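Below are the chains, spelled out letter by letter.
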Amino acid sequence: MSDNLLLSVENVKKYFSVKKKWREQQKYIKAVDGVTFHVVEGETLGIVGESGSGKSTVAKLILQLLTPSEGTISFKGKNIAQLSSSEGKEVKKNIQTVFQDPYSSLNPRMRAKDIVTEPLLIHQKLSKKEREAIALQLLEEVGLSREHLNRYPHEFSGGQRQRLSIARAISLKPDLIVCDEAVSALDVSIQAQILNLLKQLQRDHGIAFIFIAHGLPAVKHISHRIAIMYAGKIVEVADREEMFTSPKHPYTKALIDSIPTSDPFQRKERELIKGEPPSVIDRPPGCPFHTRCPYAEEICRSKEPKLEEVSKGNSFACHFPLNIN
């Protein structure tokens, strides 16, 4: 991992208008509301949050599947919204993705060798023989073999299909891969294999990852830094070790406390999160977490805390942070 900045997301917002009734004021779903973070070369940034927190919307914005309502997303110092068509094509080549569901993200009518080399048809001019040689190399790199070249997706297990997806993602030698819930549909043992594969690819090729997930265990295993999202906002960003040993935001602590343990001697009193996340249409003023926070004071209900950096790469948004002497 280097210190060279690869991706910069600055105060990005994505609002979706809600169909309104006659004479009703226009309302918006604030899916992403002022998100800021960065990724450096060769780094894995984990993004964690509940369903509806805005994680997948952030992924779609980075992949240019959605356009930000406000804010800028820069890749290698260039605003991706202001690139020419040729520059935009180069950025898309260098930012690839692995989707959540390996069953629906692969074309059922294509053989494995065609699936993993499909991106090459768009970006490179190669003969059929060259593509097949590259396909074999890609399959072997993700733990598959020559015998899998001519198989269709339905002939693979779930874990093998996700390996196919990863092979397709690395075929263009990207700088960044966005993994949107890439292991959540797999068994726990298979999850570990896929996570180890991603780490090996990172060591071999220097690829940076944005790894999006619901739970912290998988993110802890693979990430260098972790960002916690809640109600469309990032409430804490920290190095992996610091986040698990000294979380600053009450929501982060509650997520860590919710991780189950199999050792009865290590079980402790859990601080469970009560209530539901606020509406992304009519969000109450103040801190978005104050309706569920056991430490909320009057200022939390009226003034929204800003995400402030306390050390390099570590930030939180809380009026009364934990573990602060």
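Residues numbered from 1 in each chain as written. Predicted model: local features only at pLDDT ≥ 70, side-chain atom pairs only at ≥ 80, totals over all residues. Heavy atoms only, no water.

K.L.:
Looking at this model, I keep getting lost on the overall build of the protein chain. Mind explaining?
P.N.:
Within the protein chain, the secondary structure is distributed over 10 helices and 12 strands. The C-alpha extent of the protein chain, read off along each of the three principal axes, is 70 × 60 × 40 Å. Relative to its full complement of 325 residues, the protein chain shows a buried share of 48%. Taking contacts inside the protein chain between residues at least 6 apart in sequence as the whole, the part at least 24 apart equals 64%. Averaging the locations of the 46 positively and 39 negatively charged side chains of the protein chain gives two centres separated by 5 Å. (Helix = DSSP H or I, 4+ residues; strand = E, 2+ residues; numbered from the N terminus. Buried < 20%, exposed > 50% of the residue type's maximum accessible area, 1.4 Å probe, protein only. Contact = heavy atoms within 4.5 Å. Lys, Arg positive; Asp, Glu negative; His and termini not counted. Charge placed at Lys NZ, Arg CZ, Asp CG, Glu CD.)

K.L.:
Hey, could you run me through the packing of aromatic side chains in this one?
P.N.:
In total, this model carries three aromatic pairs according to the counting rule given. Aromatic pair Tyr-230 and Phe-289: ring centres 5.2 Å apart, planes at 85 degrees, arrangement edge-to-face. On the criterion of sequence distance, the pair formed by Tyr-230 in strand S9 (residues 225-230) and Phe-289 in the loop between helix H9 (250-257) and helix H10 (298-302) is long-range, its members being 59 residues apart. Accessibility assignment for this pair places Tyr-230 and Phe-289 in one class, buried. Feature note: the residues Tyr-230, Tyr-251 and Phe-289 constitute an aromatic cluster, connected by ring pairs. Above the ring of Phe-244, the side-chain terminus of Lys-220 is found at 4.6 Å from the ring centroid. (Phe/Tyr/Trp six-rings, centres within 6.5 Å; stacked < 30°, edge-to-face > 60°. Lys NZ or Arg CZ within 6 Å of the ring centre and 35° of its normal.)

K.L.:
Hey, could you run me through the side chain of Gln-202 in this one?
P.N.:
Looking at where Gln-202 falls in the secondary structure, it is placed in helix H6 (residues 188-205). Looking at Gln-202, the relative accessible area reads 10%, which means it is buried. The contact partners of Gln-202, leaving out residues within four places of it in the chain, are Gly-42, Glu-43, Thr-44, Ile-207, Ala-208, Phe-209 and His-224.

K.L.:
Looking at this structure, how should I read a nonpolar patch on the surface?
P.N.:
On the surface, a nonpolar cluster with roughly 200 Å² of combined accessible area is contributed by Phe-16, Ile-29 and Ile-281. Locating Ile-29 in the fold gives a position in strand S2 (residues 27-40). (Patch = residues over 30% accessible without salt bridge, like charges linked within 9 Å, V, L, I, M, F, W, Y side chains within 5 Å. Areas by Shrake-Rupley, 256 points an atom, 1.4 Å probe, with all protein chains shown as cover. Salt bridge = Lys/Arg side-chain N within 4 Å of Asp/Glu carboxyl O.)

K.L.:
Honestly, the nonpolar core in this entry has me stumped. Any pointers?
P.N.:
Most often, soluble globular proteins keep nonpolar side chains buried together rather than apart. Counting 54 residues, the largest nonpolar core has Ile-166, Phe-211 and Ile-228 as the members making the most contacts within it. Setting aside chain neighbours within four positions, we find Phe-211 in contact with Thr-44, Leu-45, Gly-46, Ile-47, Cys-179, Val-183, Leu-195, Leu-198, Ala-218, Val-219 and Ile-222. (Core = buried A, V, L, I, M, F, W, Y, C linked by side-chain atoms within 4.5 Å.)

K.L.:
Got a minute to help me understand unusual backbone geometry in this structure?
P.N.:
Negative phi characterises most residues that are not glycine, and trans characterises most peptide bonds. Backbone geometry places Gln-64, a non-glycine residue, at a positive phi of 65 degrees. The topology assignment puts Gln-64 in the loop between helix H1 (55-62) and strand S4 (70-75). Relative accessible area serves as the criterion here: at 26%, Gln-64 is assigned to the partly exposed category. Residues other than glycine seldom take positive phi values, yet Lys-173 does so here, at roughly 55 degrees. Taking the relative accessible area as the measure of exposure, Lys-173 reaches 72% and is therefore exposed.

K.L.:
Explanation requested: the side chain of Lys-14 in the structure shown.
P.N.:
Relative to the assigned elements, Lys-14 resides in strand S1 (residues 5-18). Salt bridges are absent for the buried Lys-14, whose nearest opposite-charge side chain, Glu-70, sits at 11 Å. Of note is the side chain of Lys-14, whose polar atom sits 2.8 Å from the backbone oxygen of Thr-67. The residues contacting Lys-14, other than those within four sequence positions of it, are Ile-29, Lys-30, Ala-31, Val-32, Thr-57, Leu-61, Leu-66, Thr-67, Pro-68 and Ser-69. (Polar contact = N/O pair within 3.5 Å; in protein donor to acceptor, adjacent residues only side chain to side chain.)

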